[in-house]
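Coordinates in review
Residues per chain are reported as follows:
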Amino acid sequence: MQITLEPGRPKPQPTPETRHFWDGTKDGKLLLQRCGDTGRAYFPPRPFSPYTGTRNVSVFEASGRATLLSYVIHHRPVPGFTPPYAIAVVELEEGPRMMTNIVGCPQTPEALPLDMALEVVFVPMDDSISLPLFRPATDAPAARVGVSMGVE
Amino acid sequence: MSYIPGSVAVVGAAETTDLGAVPNLSEIGLAADAALNAMADAGLKPGDIDGIAWVGAMRPQLLAQYLGITPRWVDGTSVGGCSFMLHVRHAAAAIAAGYCNTVLICHGESGKSRIAGAQRPAEPATLNGQFEAPFGPFGPPTLFPIPVLRYMKTYGVTEEMLATVAVVQREWAGKNPRAMFRDPISVDDVLNSRMIAWPFRILMCCLVTDGGGALILTSADRAKDFPGKPAYILGSGESVETGMISQMEDFTSSRAFRVAGPEAFKMAGIKHADVDHLMIYDAFAHLPLYGLEDLGFVPKGEAGRYIMDRNTAPGGVLPMNTNGGGLSYTHTGMYGMFALQESVRQVRGIAPAQVPDVNVSVCHGVGGMFGASGTIIFGRDRPS
């Protein structure tokens, strides 16, 4: 399977505080940050802990494993997307949650039960940005590319 | 110094002359129309107003000049559709502190006709632009319902329960000549209506209209000098949680609701059994469910059943969203002003679907996608 994101999808623009995250996805790594006081992971990126305010934080690579927390399946046309498509929030194994799309499976309630096991795939938009999307978990290591957004 | 319940009152309240499609007024024109109607209701002129609130960055000065008001107190708080609840809370504190005497709080929004509205461009370097926008959300209907599947699974809430919220509010709208949608609907009508973002269908989503409203607040000691009945501010609360729905702490409950609601009850010194009338901002059908639970009217997970059992319907023990709500009455984009207007009408005894003998009305708002909240408790009688 070949990934092809449709043109028109909004492209994130990294800031100094988030650059490491987007450099990570480009390299096939999902990078989170950890609070130096509590050891708890957090997201989205920022140079201090949302738990204690400490600037003593570190960047680490997440497992890429997640579960499906909740979602909608959008049925209306949007630039860069072909409906119906799920807009999902996943809970990462390390705790933080992120918005994403679920790829490699039909975009139906039946194919998207809550709490299903997922794994990250990194899908390039262009040479500078890759998006962290998620697919149903397999035994194989997480692929960097190779999932179609289609439902065929 | 703490706020004394009932020490500030609404003495003027009005909506725009027209609601729905108002193609002859721009956004500031809608706000001004509502402001003039509210001033007429209170028997005031612009020169009598010394405090002003309008949502948005650098916008209060536009409206102050437009209306001919020289304020010595200003509030541009902009946290979404409940901003007006925060304006009321801030204004009550300001009047109690002596910062101003008479405050005008305005709303105007050309949600349908889109005449000279505030632009909301997608900024790709913001946190939303980086961590939500790339995944295809397109406006509130794709964002606000995202937590609901988790809520439904956690508590066994059904699509029929969600649909019933819309059905009951249409019953209230049927009693209100100004409501945009008044024809009765059934649960099947809702569940067979056009799919927007599963599990949400069009009849579970709010209207998109033009309109506005305005409130005038002053010290309760002056309230007898005005032609209309006052609506006393008994208590208020406010909070924010997140600008990104993906980062909401608990998908089954709003932290902002759980902060704002109890704060208002505590300030007012009332219990749930004291509440005669309730407004819960309903941009989408799930919001009254979260609101009933997070404000403590029903235990967690039981709001769907509570509404199906007709407790909030006409004739029920807790009449809710009696104007028809954002689902059937009107929704300009920031509906909170209209919820406040209905609470004031009910406390004054002049609502189209008047509930008998309303003394205490709770008006609870949401801003953004569970991002913010404001709660105002109105009273007909000033606490002695």
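A brief report on the enclosed structure follows. (Residues numbered from 1 in each chain as written. Chains lettered and ligands numbered in written order. Predicted model: local features only at pLDDT ≥ 70, side-chain atom pairs only at ≥ 80, totals over all residues. Heavy atoms only, no water.)

This part is about the sheet that holds strand β3 (residues 57–61) of chain A. Residue and element names in this part refer to chain A. If you walk across this open sheet you meet the 3 strands as β2-β1-β3, and the pairing is antiparallel. Two strands lie at the open edges of the sheet, namely β2 (41–42) and β3, each paired on one side alone. Where strand β1 (residues 31–35) lies against β2, 2 bridges are found, and the strand directions are antiparallel. Considered in β2, the bridge of Gln33 is made with Tyr42. (Pairing = 2+ DSSP bridges. Helix = DSSP H or I, 4+ residues; strand = E, 2+ residues; numbered from the N terminus.)

In total, this model carries 18 aromatic pairs over all chains according to the counting rule given. Taken together, a centroid distance of 5.0 Å and an interplanar angle of 75° make the contact between Phe43 of chain A and Phe131 of chain B edge-to-face. Taken together, the residues Phe43 of chain A in the loop between β2 and β3 and Phe131 of chain B in helix α4 (residues 127–131) connect one chain to another. In this structure, Phe43 of chain A and Phe131 of chain B share a single accessibility class: buried. Ring centres 6.3 Å apart and planes at 80° place the aromatic pair Phe200 of chain B and Phe284 of chain B in the edge-to-face group. Remark: Phe284 of chain B occurs in the loop between β9 (277–280) and α10 (287–294) and Phe200 of chain B occurs in strand β6 (residues 200–201); sequence separation between them is 84 residues. Members of the aromatic cluster, joined through ring pairs, are Phe144, Tyr151, Tyr155, Phe200, Phe257, Phe284, Tyr290 and Phe370 of chain B. (Phe/Tyr/Trp six-rings, centres within 6.5 Å; stacked < 30°, edge-to-face > 60°. Buried < 20%, exposed > 50% of the residue type's maximum accessible area, 1.4 Å probe, protein only.)

Another point: the pattern of salt bridges. Within this structure, the stated rule accounts for 21 salt bridges over all chains. Measuring nitrogen to oxygen at the nearest pair gives 2.6 Å for the salt bridge that ties Asp126 of chain A to Lys11 of chain A. Of the two residues, Asp126 of chain A is situated in the loop between β7 (117–124) and β8 (130–136) and Lys11 of chain A in the segment before α1 (19–26); the sequence distance between them amounts to 115 residues. Judged by its relative accessible area of 37%, Lys11 of chain A is partly exposed. Between Asp294 of chain B and Lys300 of chain B there is a salt bridge, and its shortest N-O distance comes to 3.8 Å. The buried category is assigned to Asp294 of chain B, whose relative accessible area is 7%. Accessibility expressed as a relative area gives 31% for Lys300 of chain B, which makes it partly exposed. Residues joined in a network through salt bridges with shared partners are Glu15, Arg178, Glu342 and Arg345 of chain B. (Salt bridge = Lys/Arg side-chain N within 4 Å of Asp/Glu carboxyl O.)

Residues and elements named next belong to chain B. Pairing in this open sheet of 9 strands is mixed, and the strands run β3-β2-β4-β7-β1-β8-β11-β10-β9 from one edge to the other. Looking along the sheet, the strands with just one partner apiece sit at the ends: β3 (73–75) and β9. Averaged over neighbouring strand pairs, the angle between their axes works out to 20° when direction is ignored. With 3 bridges joining them, strand β1 (residues 8–15) and strand β8 (residues 231–240) adopt antiparallel strand pairing. In the sheet register, Val10 faces β8, and the bridge partner there is Ala231. Sheet contacts for helix α1 (residues 27–42): β1, β4 (102–110) and β7 (210–219); angle to β4, the most-contacted strand, approximately 140°. (Axes fitted to C-alpha atoms, helices over the stretch in contact; angles between N-to-C directions. Contact = heavy atoms within 4.5 Å.)

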